[in-house]
Amino acid sequence: MPADAAAGPPPGPKRRDQTSLLERALRTVLAWTRGDLALAYGSTRLHLPALVAALVFLSGLVLAGAATLSDAAQRWSAGLVGAVTVEIPAAAAGDPLATVERVARVQAVLARTPGVAHAEALPAERIQALLAPWVGAADLSGVPLPVLIDVTVAGGATVDLRALNVALDEAVPGAAADDHRRWLVGLGRLARLALAVALVLVAVVTIATAGAVAFATRAGLALHEQAIDLLHLIGAPDGYIARQFSRRALLMGLAGGALGWLAATLAVLMIAQAAQAIDPGLPLPGLLGLAPMLKLLILVPAAGFVAMASAHWTVRRALARLP
Amino acid sequence: MAPAAPVLAFAPTPCHPPPRECGRLEVVRFENVGLRYGVGPEVLRDVYLDLAPGSFHFLTGPSGAGKSSLLSLLYLSRRPTRGRIHLFGRDMAGVSRGELPAFRRRVGVVFQDFRLLDHLTALDNVGLPLRVAGVDDRTIRTHVGELLAWVGLADRLEAKPPTLSGGEKQRVAIARAVITRPQLLLADEPTGNVDDQIALKLLTLFGELHRMGTTVLIATHNQPLVERLGHPELRLEGGRLNLRERRDAG
Ligand SMILES: Nc1ncnc2c1ncn2[C@@H]1O[C@H](COP(=O)(O)OP(=O)(O)OP(=O)(O)O)[C@@H](O)[C@H]1O
Ligand SMILES: [Mg+2]
């Protein structure tokens, strides 16, 4: 050390000026993003985002599936609620009642039934189209077909299905009305179940993410034990030390989350495209697509937050053991 | 004086008899302090110690006497197993864990083994206490630059500790200890691995801070140096502390 080095009083910082709220807020934001001490996670810095990506990919797929299912169920039921279908069996050969007559009788019963707003027979072509998957393109012009009548129930009204069925059977033996209730109930239950399973899986994935981050953070703490001891001794508050790790965890969580979301989106788009290739009219895969995946973008900040919170909590808990 | 304005007022402890001591505030006060590690014997026993503001003491004693242990109580690395420690007028027994960092920032420590962070530059190592206290980067850079120049390391700002010599590391460690202008400066064998000439220069540095009002306590084996500087000597023996004034020398 040069002899003159120690001449004069040592320089030192003056008392910090009064800082404005804005400046302090800015500094806080900066402290979150600045690479402060490079207390990295060591070898875990690559496998942690990969793990988070895998977990987000998994939850993304399951959530997209469940959302699509419940969305489809909702659309179907929206089309079915307030609708009653009356089926008139086809006239057997030699049946005295011609088809036209049967339809007229049923229409008359429906007209008398309270709550019915409108009733319309499905055109023969629609019925043929509905049967097409079973009979193919065969010419059905000579074959007697059943008749379906779409009944619209007046808004807010209900139709007494039992009374209606009795009246229908009297008018045309074999004619019956169906309000699709059983189908609707089953559909709703299925959708709710799928959603519940998806949510349980997301909860499990959240715990797994938090656990993996906590594990990696503990490894990082052990790796930097001496540096952390020193920081503690020179008066670093626990929050400052925890930030060194939680900020990294946040970035790793965000990176992993983004990667996982991207993979899930690609997978969903591929499935949707494959389904469209089979039949462009398929209602279920039609709902799969970019729009629901955009909603699932929330998984990215969520993964970041879970990673950050887990790291923060892990460090604070470890530091609490120091005096 | 401290960069991050200390939260603590320098308020005197409630003053009970003896009234002679009222109005006078020790930076450090030990009352009947004892320390043991685990179930071992007491390393420190019945230690009474008063360090007045602006005083300069040496802490001596044979190896294993408990010098480092005593210092660790002062930089709040551990709590005593019995007795009371007052720092800056506050009874540390009544200070919550959350308040301790603010106290630690008022104490500068030169560790026997330096404890520099190898992956940070000299500049960042010295600036660490300021950074931890929330001082902004630009202020840190200016002050650390000036201080490192003052200890003769102006051209080693970007060097990392593994590339520094023993004496250079020591100066970085000292710079880090004083960068916050601590009210209490502790040094554990700061002249341990340098020759006498450098040791004397390092001590000149401490003397400079002392002249500016810093309370200084230096643990050392270097008896000739102690004799030469003539500051009072606190001697640890058998876990007990005895004061030796040395008014003749200097
Ligand atoms: N962390 C610890 N756990 C258990 N015993 C310890 C610990 N640190 C120190 N000791 C014991 O306490 C006693 C005092 O140690 P200390 O390091 O304070 O002595 P010292 O005066 O600094 O010695 P030296 O001059 O060699 O540095 C020694 O007997 C030591 O073995
Ligand atoms: Mg020692």
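What counts as what
Residues numbered from 1 in each chain as written. Chains lettered and ligands numbered in written order. Predicted model: local features only at pLDDT ≥ 70, side-chain atom pairs only at ≥ 80, totals over all residues. Heavy atoms only, no water. Helix = DSSP H or I, 4+ residues; strand = E, 2+ residues; numbered from the N terminus. Buried < 20%, exposed > 50% of the residue type's maximum accessible area, 1.4 Å probe, protein only. Contact = heavy atoms within 4.5 Å. Areas by Shrake-Rupley, 256 points an atom, 1.4 Å probe, with all protein chains shown as cover. Near = heavy atom within 4 Å. Polar contact = N/O pair within 3.5 Å; in protein donor to acceptor, adjacent residues only side chain to side chain. Nonpolar A, V, L, I, M, F, W, Y, C, P; charged D, E, K, R; others polar. Pairing = 2+ DSSP bridges. Axes fitted to C-alpha atoms, helices over the stretch in contact; angles between N-to-C directions. pLDDT = per-residue confidence, 0-100.

### So, the overall build of chain A
- Looking only at helices and strands, chain A features 11 helices and 4 strands.
- Considering chain A as a whole, with its 323 residues, one finds that 39% of them fall into the buried category.
- Intrachain contacts of chain A at a sequence separation of at least 6 include 83% that bridge at least 24 residues.
- Roughly 18,000 Å² of accessible area belongs to chain A as shown, and the carbon and sulfur atoms make up 67% of that amount.

### Brief notes about the site of ligand 1
Residues and elements named next belong to chain B.
- Surrounding ligand 1, one finds Y37, V43, P62, S63, G64, A65, G66, K67, S68, S69, Q112 and H221.
- Between ligand 1 and the protein, one listed contact pairs a nitrogen atom with a side-chain N or O atom of Y37 at 3.5 Å.
- A65 has a polar backbone atom sitting 3.2 Å from an oxygen atom of ligand 1.
- Protein chains shield 58% of the accessible area of ligand 1, which is 630 Å² for the free molecule.
- Top contributing element to the shell around ligand 1 by residue count: helix 1 (residues 67-74), with 3 residues.
- A breakdown of the residues in the shell around ligand 1 according to their chemical character gives 4 nonpolar, 7 polar and 1 charged.

### Here we look at the sheet that holds strand 9 (residues 233-237) of chain B
Residue and element names in this part refer to chain B.
- With respect to topology, 6 strands assemble into an open sheet ordered 6-7-8-3-9-10, the strand pairing being mixed. Across the chains shown, the open sheet's two edge strands, defined by having one partner strand only, are strand 6 (107-110) and strand 10 (240-244). Recorded for the sheet is a direction-independent mean angle of 20° between the axes of neighbouring strands.
- Strand direction decides the pairing type here: strand 9 and strand 10, joined by 5 bridges, are antiparallel. Across the sheet, residue E237 finds its bridge partner in strand 10, namely R240.

### A word on the confidence of the model for chain B
- Confidence along chain B averages 84 in pLDDT terms, with 88% of residues attaining 70 or more.
- For this predicted complex, the interface confidence reaches an ipTM of 0.85, while the overall pTM sits at 0.75.

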